[in-house]
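Inside the fold
Take a look at the letters that make up each chain.
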Amino acid sequence: MASDRPRVLSGIQPTAGSFHLGNYLGAVRQWVAMQETHDAFYMVVDLHAITVPQDPAELRANTRLAAAQLLGAGLDPDRCTLFVQSHVPEHAQLGWVMNCLTGFGEASRMTQFKDKSAKQGADRATVGLFTYPILQIADILLYQANAVPVGEDQRQHIELTRDLAERFNGRYGQTFTVPAPYIVKETAKIFDLQDPAIKMSKSASAPKGIINLLDEPKTSAKKIKSAVTDTGTEIRFDETGKPGISNLLTIYSTLTGAGVSELEKKYEGKGYGALKTDLAEVFVDWVTPFRARTQEFLDDPETLDSILAKGAEKARAVAAETLAQAYDRVGFLPAKH
Ligand code: TYM
């Protein structure tokens, strides 16, 4: 697909089933906007999902579920290329080449690996988990992506991608576009509703701290209404002094388009309760049509699978060209057909 637009690529794991509000505000929302301005490639990263133990039937179901949610959130297969990572074998192939270019110490410094492996214990954590960021590097470089829309927790992986692209280009000649992270400051890190010192996350958040988009809206409304707030009564954006309220203001502002200072004015003299009740309503109004659209795709797996098949075909055309070039540069003897 020839396009003059800059290229964008990003991915999301199908591990959790439902996306949470941090996934949407930190990443997926930007994906939807960027399909209008970029030549956009988005994928469900099932290869990454098996870096931790998985149930095969669940992984298969969650991969469809992730694709349905992306479409439900507004991705349009006529405006972007949506695919499943394992449908494009070039990811694993370039991943190997990148493994051989990455220093052991360099990979050991990845904080996500350190956190996850510390939780699981060194013997249980797999080598796949260790090389996870290197597969991610291959994901990005295969598409010659200029920009990678992600949340703050992915910044280090994108920085490593830049280093590796430059290293490969320096060693073998210009081959890969050096990508830039695209991280929207306001929503780069959505915090846990019960513990605003940590990010909202499937693995670290307690059930009351995380908003799962596919949960009953009533359940999520309740969680918003019982979100931890700070001492005092004033509704003011202050990340250090009032992290709980600031997080709610960020969510409110992003979902409605109202500026944070506008919201501060609106809630002047009103209590935290009023803000939380209104935000719960804003969220329910937003999530209800999202859930309905997602369900439509889940109810029609044939359409869903055909969108993913077309996406994989488009993605492969790009990925195969880049891989062939990289293989050639590295010095692999071309296979004769
Ligand atoms: P994953 O599946 O953990 O998360 C998907 C996206 O959601 C963002 N995110 C958040 N943003 C703001 N606040 C939060 N609390 C929050 N929690 C999650 C993540 O930053 C991410 O953008 N390694 C990636 C998947 C991946 C990828 C790629 C991304 C594989 N290959 C290539 C970009 C390019 C991951 O685990 O995302």
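Below is a summary of the structure that appears in this document. (Residues numbered from 1 in each chain as written. Predicted model: local features only at pLDDT ≥ 70, side-chain atom pairs only at ≥ 80, totals over all residues. Heavy atoms only, no water.)

**Quick look at the packing of helix 8 (residues 132–142) against helix 9 (residues 155–172)**
To describe two helices that pack against each other, one gives the angle between their axes and the distance between the axes. Put simply, the rule is: To define axes, lines are fitted to C-alpha atoms, for helices over the stretch in contact only, and angles between the resulting N-to-C directions are given on a 0 to 180 degree scale. Comment: elements are numbered from the N terminus, with helices defined as DSSP H or I runs of at least four residues and strands as E runs of at least two. Geometric relationships in this document are graded by angle, where less than 35 degrees denotes roughly parallel, more than 145 denotes roughly antiparallel, 65 to 115 denotes roughly perpendicular, and other angles denote oblique. Crossing chirality is assigned from the near helix's rotation relative to the far helix, an anticlockwise turn below a right angle marking it left-handed and a clockwise turn marking it right-handed. Only heavy atoms matter for contacts: two residues are in contact if any of them lie within 4.5 Å across the pair. Just so you know the grouping, Ala, Val, Leu, Ile, Met, Phe, Trp, Tyr, Cys and Pro go in nonpolar, Asp, Glu, Lys and Arg go in charged, and all remaining residues, Gly too, go in polar.
Where helix 8 contacts helix 9, the axes come no closer than 9 Å and their chain directions differ by 65 degrees. Classed by the angle they form, the pair helix 8 and helix 9 counts as roughly perpendicular. Of the two possible hands of crossing, helix 8 and helix 9 adopt the one that is right-handed. Residues Y132, P133, Q136, I137, I140 and L141 of helix 8 lie in contact with helix 9, whose contacting residues are H157, I158, L160, T161, L164 and A165. Residue composition of the contact of helix 8 with helix 9, grouped by class: nine nonpolar, three polar and no charged.

**Structural notes on the pattern of salt bridges**
The condition that has to hold: Whenever a carboxyl oxygen of Asp or Glu lies within 4 Å of a side-chain nitrogen of Lys or Arg, that contact is scored as a salt bridge. Three labels apply to residues, based on accessible area from a 1.4 Å probe with only protein chains included: buried if under 20% of the type maximum, exposed if over 50%, partly exposed otherwise in between.
Summed over the entire model, instances satisfying the criterion amount to 12 salt bridges. Between D153 and K199 there is a salt bridge; the shortest N-O distance is 2.8 Å. Linking D153 in the loop between strand 4 (147–149) and helix 9 with K199 in the loop between strand 5 (180–182) and helix 10 (217–225), this pair joins segments that are 46 residues apart in sequence. With a closest N to O distance of 3.7 Å, D215 and K223 form a salt bridge. The exposure class assigned to D215 is partly exposed, which follows from its relative accessible area of 25%.

**Here's the deal with the packing of aromatic side chains**
Let me state the cut-off plainly: Each pair of aromatic rings taken from Phe, Tyr and Trp, with Trp reduced to its six-membered ring, is defined by centres within 6.5 Å and is described as stacked if the planes are under 30 degrees apart, edge-to-face if over 60, and tilted in the remaining cases.
Applying the stated rule across the entire model yields 12 aromatic pairs. Ring plane angle 35 degrees and centroid distance 5.1 Å describe the contact between F41 and Y143, whose orientation is recorded as tilted. You can see F41 sitting in strand 2 (residues 39–44) and its partner Y143 sitting in the loop between helix 8 and strand 4, a full 102 residues away along the chain. Using a relative accessible area of 1% as the deciding quantity, one classes F41 as buried. The class of Y143 is buried, set by a relative accessible area of 0%. Taking the centre distance of 4.8 Å and the plane angle of 90 degrees together, the rings of Y327 and F332 count as edge-to-face.

**Quick look at the pairing of strand 3 (residues 80–84)**
Remember that side chains alternate between the two faces of the sheet whenever the strand is regular. Selection rule: At least two DSSP bridges between two strands are required for those strands to pair.
Along strand 3, five of the five residues are buried, which leaves the element largely enclosed by surrounding structure. Along strand 3, one buried face is formed by C80, L82 and V84 and the opposite face, lined by T81 and F83, is buried too. Note: strand 2 against strand 3, five bridges, orientation parallel. From the neighbouring strand, Y42 faces strand 3, where its bridge partner is L82.

**Comments concerning helix 6 (residues 111–120)**
Applicable threshold: Taking the helix axis as origin, the arc is that swept by the directions to the C-beta atoms.
Along helix 6, the positions that sit buried rather than exposed are Q112, F113 and S117. Taken around the axis of helix 6, the buried residues stretch over an arc of 115 degrees, which confines them to a single face. Residues of helix 6 that are exposed and point over 90 degrees away from its buried face: A118 and K119. Along its buried surface, helix 6 packs onto helix 7 (127–130) and helix 9. Count one or two residues on from helix 6 and you reach G121, which has phi positive near 90 degrees.

**Details of the site of the ligand**
Selection rule: Being near a molecule or strand, for a residue, comes down to having at least one heavy atom within 4 Å of it. We define a polar contact as two N or O atoms separated by no more than 3.5 Å, with the added condition that, inside protein, one atom must be a possible hydrogen donor and the other a possible acceptor, whereas residues neighbouring each other in sequence contribute only through side-chain atom pairs.
If you check the shell around the ligand, you find 27 residues, and the closest are Y132, D139, G151, D153 and I190. In this structure, D139 approaches the ligand through a side-chain N or O atom, which is 2.7 Å from a nitrogen atom. Measuring from an oxygen atom of the ligand, one finds a side-chain N or O atom of D153 at 2.4 Å. Of all the elements in the fold, those that place two or more residues in the shell around the ligand are strand 1 (7–12), helix 1 (21–34) and helix 8. Each residue belonging to the shell around the ligand can be placed in one class, and the counts come to 11 nonpolar, 12 polar and four charged.

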